[in-house]
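The chain contents come next:
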Amino acid sequence: MIIYVNVTAGRDGNGTKEMPFRHINDAAQIARPGDEVLVAPGVYREYVNPRCGGTEDARIVYRSAE
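Everything numeric in this text was worked out from a predicted model, so none of it was measured.

As for the overall build of the protein chain
When helices and strands are counted, the protein chain shows one helix and three strands. What you see in the protein chain, going N to C, is helices and strands ordered as β-α-β-β. With respect to the principal axes defined by its C-alpha atoms, the protein chain has extents near 35 × 25 × 20 Å. Expressed as a percentage of its 66 residues, the buried residues of the protein chain come to 27%.

Following this line, the structure appears as structure tokens:
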């Protein structure tokens, strides 16, 4: 699954492309092995504490949308 994050998004985002999360940590809480978190450019001042780690065969990837 691809989870979207954009610092300019509204507070009620759900991680979809149309309604991204506002915080990286929100995405980190639902990301599971094999997921990709696409982060839009911006300044994110937050602590990120992933709930789930990836596995050797299915990593959780955090990457810039650009």
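Once the structure has been displayed, the description carries forward.
Brief notes about the nonpolar core
Core analysis: the biggest nonpolar cluster contains 11 residues, these being Ile3, Val5, Phe21, Ile24, Ala27, Ala31, Val37, Val39, Ala40, Tyr44 and Ile60. For this core, the secondary-structure elements that each account for two or more residues are β1 (2–5), α1 (24–30) and β2 (36–39). Dropping the residues within four chain positions of it, Tyr44 is found in contact with Val5, Asn6, Val7, Arg22, Ile24 and Val39.

A look at the pairing of β1
By the alternation rule, side chains of β1 split into Ile3 and Val5, which are all buried, and Ile2 and Tyr4, of which none is buried. Where β1 meets β2, four bridges bridge the pair, whose relative direction is parallel. Considered in β2, the bridge of Ile3 is made with Val37. Read as a crossover between parallel neighbours, the route from β1 over α1 to β2 is right-handed.

What counts, and where the lines are drawn
- Residues numbered from 1 in each chain as written.
- Predicted model: local features only at pLDDT ≥ 70, side-chain atom pairs only at ≥ 80, totals over all residues.
- Heavy atoms only, no water.
- Helix = DSSP H or I, 4+ residues; strand = E, 2+ residues; numbered from the N terminus.
- Buried < 20%, exposed > 50% of the residue type's maximum accessible area, 1.4 Å probe, protein only.
- Core = buried A, V, L, I, M, F, W, Y, C linked by side-chain atoms within 4.5 Å.
- Contact = heavy atoms within 4.5 Å.
- Pairing = 2+ DSSP bridges.
- Right-handed = clockwise from strand over helix to strand, strands pointing away.

Spatial relationships are all this shows, so hold off on functional conclusions.
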